[in-house]
Amino acid sequence: MKPGVLIISHGSRDEAWVSIVIDAVHGISLREELPVAVSFLELVEGRLIQDGIHELEYAGVTDILVIPLFVSSGSTHVDEIEYALGAKPEPERETDLERFDVQAIVHYGYPVDDDPDIAVMIWDKVRELSKNPDRETILLVGHGSVHDGFRQRWEQGISSLAQRVRQVSGVAAADYGLLNPGGVRSKVEYWQEQGHAVLVAPLFLSEGYFTKVVIPQRLAGLDYAYSGQTLLPHPLLPHWIENQVEVLLERVRMKGYIR
């Protein structure tokens, strides 16, 4: 048995976006020397998921440990990728993603959700905006989902993450808003009515259209603090990946694949 790691992110036409993800993966330091491939769901020619599978299987990998580098288990992409890799029999929503050609055993991991490392990363990104913590609210803003079941997972994960952020930051409150189905603007207005300054923290892996355009548009005319800084780059992201790999390796051992 030879395990290998497949890290999957969404992908972008922006080469800088792709480079930031790849650089983060290059920063990992695993306790065991394992083959690692970085793949993207779409838009990155030569680094798509099937390319990553072939790379690992060519290296002799028999068990692929998949790290879905997405910020929420409420992402429909997390569901469809798990199905297309053969790690679950059916997707929860209809998908155009076809089954991949994979011979190895697939062990599917977990996205970011409410991991403690991510809470620290978020605080590090908004720390410089904080002036009076006793009268401030950090508002996490995520993509969200309009689909039943997925929306609830988004809400559960980001709500729990907001409380972790409040604990590590020491600000008066932390809350969340989702672009889908909406409500970000009303959350900012609510906390302003409570007399709080609102620090908006985008829960996105890397900067892009949603962080540069959509969030500012939704909050146009309101008084809030926003740097637009996303999770990456940050030195803790490789640590998060390392932890996820260790969790999957332990799961494999528990199932008896590793002797």
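So, a few notes on the structure that sits alongside this text. (Residues numbered from 1 in each chain as written. Predicted model: local features only at pLDDT ≥ 70, side-chain atom pairs only at ≥ 80, totals over all residues. Heavy atoms only, no water.)

### Thoughts on the pattern of salt bridges
The criterion, for reference: One side-chain nitrogen of Lys or Arg within 4 Å of one carboxyl oxygen of Asp or Glu is enough to make a salt bridge. The buried label goes to any residue with under 20% of its type's maximum accessible area, the exposed label to any with over 50%, and the partly exposed label to all in between, with areas taken from a 1.4 Å probe on protein chains only. In this description a helix means any DSSP run of H or I spanning at least four residues, a strand means any run of E spanning at least two, and both kinds are numbered starting from the N terminus.
A complete count under the given rule lists 7 salt bridges for this structure. Measuring nitrogen to oxygen at the nearest pair gives 2.7 Å for the salt bridge that ties D124 to R127. Overall, D124 belongs to the partly exposed group, its relative accessible area being 33%. Among the ionic pairs, R185 bridges to E189, the shortest N-O distance being 3.6 Å. Of the two residues, R185 and E189 are both situated in helix 6 (residues 184–193); the distance of 4 residues between them amounts to about one turn of the helix.

### Some thoughts on helix 1 (residues 15–26)
Convention followed: A helix is expected to span 1.5 Å multiplied by its residue count minus one. Directions pointing from the helix axis toward each C-beta atom define the arc. Whether two residues are in contact is decided by their heavy atoms, any of which lying within 4.5 Å being enough. Residues adjacent in sequence count toward polar contacts only when both atoms are side-chain atoms; beyond that, a polar contact is any pair of N or O atoms within 3.5 Å, and within protein one must be able to donate a hydrogen and the other to accept it.
Spanning 12 residues, helix 1 covers 16 Å between terminal C-alpha atoms, matching the ideal 16 Å at 1.5 Å per step. Looking at helix 1, one finds that the buried residues are W17, V18, V21, I22, A24 and V25. For helix 1, the angular spread of buried residues about the axis comes to 155°, placing them on one side. Among the exposed residues of helix 1, those oriented more than 90 degrees off its buried face are E15, D23 and H26. Buried positions along helix 1 lie against strand 1 (3–9), strand 2 (36–40) and helix 8 (236–255). For helix 1, the capping residue at the N-terminal end is D14, with a side-chain oxygen 2.9 Å from the backbone nitrogen of A16.

### Digging into the packing of aromatic side chains
Going by this rule: Side-chain rings of Phe, Tyr and Trp, where Trp is taken by its six-membered ring, are said to pair if the distance between their centres is within 6.5 Å; with planes under 30 degrees apart they count as stacked, over 60 as edge-to-face, and otherwise as tilted. Think of it as a cone above the ring: NZ of Lys or CZ of Arg counts as a charge over the ring if it is within 6 Å of the ring centre and within 35 degrees of the ring normal.
What the rule picks out here adds up to 5 aromatic pairs. Here the aromatic rings of Y190 and W191 are separated by 5.0 Å at their centres, their planes lie at 80°, and the arrangement is edge-to-face. Joined through ring pairs, the aromatic side chains of F204, Y209 and F210 make up one cluster. In this structure, R153 is placed above the aromatic ring of F150, and the distance from its NZ or CZ to the ring centre is 5.0 Å. Positioned above the aromatic ring of Y176, the side-chain terminus of K187 is 4.4 Å from the ring centre.

### What about the pairing of strand 1?
Under the convention used in this document: Whether two strands pair depends on DSSP finding at least two bridges between them. Every crossover in which the path from the first strand over the helix to the second runs clockwise, viewed with the strands pointing away from the viewer, is termed right-handed.
Judged by how many residues are buried, strand 1 sits mostly within the fold: 7 of 7 residues are covered. Because side chains alternate across strand 1, one face comprises the buried residues P3, V5, I7 and S9, and the other comprises G4, L6 and I8, equally buried. Inspection of the sheet shows strand 1 paired to strand 3 (residues 63–68) by 6 bridges, in the parallel sense. Each residue of the ladder has a partner; that of V5, found in strand 3, is L65. Here strand 1 pairs with strand 2 via 5 bridges, running parallel. Paired with I7 across the bridge in strand 2 is V38. Handedness of the crossover joining strand 1 and strand 2 through helix 1: right-handed.

### Quick word on the sheet that holds strand 1
Strand pairing in a sheet is mediated by backbone hydrogen bonds. Such pairs are either parallel or antiparallel. We count it as follows: Between the N-to-C directions of two axes lies an angle of 0 to 180 degrees, each axis being a line fitted to C-alpha atoms and, for a helix, fitted only over the stretch in contact.
With parallel pairing, 4 strands are arranged side by side in an open sheet as 2-1-3-4. Each of the sheet's edge strands pairs with one partner strand only, and the pair in question is strand 2 and strand 4 (105–108). Pairs of neighbouring strands in the sheet enclose a mean axial angle of 25°, with direction left out of account. Pairing of strand 3 with strand 4 involves 4 bridges; the strand directions are parallel. Note that in strand 4 the partner of V66 across the bridge is Y108. Strand contacts of helix 1: strand 1 and strand 2, with the helix running at about 160° to strand 2, the strand carrying the most contacts.

### Some words on the sheet that holds strand 7 (residues 197–202)
Reading across from one edge, 6-5-7-8 is the order of the 4 strands in this open sheet, with parallel pairing throughout. The two strands at the open ends of the sheet, each matched to only one other strand, are strand 6 (173–180) and strand 8 (225–226). Direction of pairing for strand 7 relative to strand 8: parallel, over a ladder of 2 bridges. Residue pairing for strand 8: L199 is matched across the bridge by A225. Seen against the sheet, helix 4 (residues 116–126) touches strand 5 (136–144) and strand 7 and runs at an angle of roughly 120° to strand 7. Contacting strand 5, strand 6, strand 7 and strand 8, helix 7 (residues 209–218) runs over the sheet at an angle of about 100° to strand 6.

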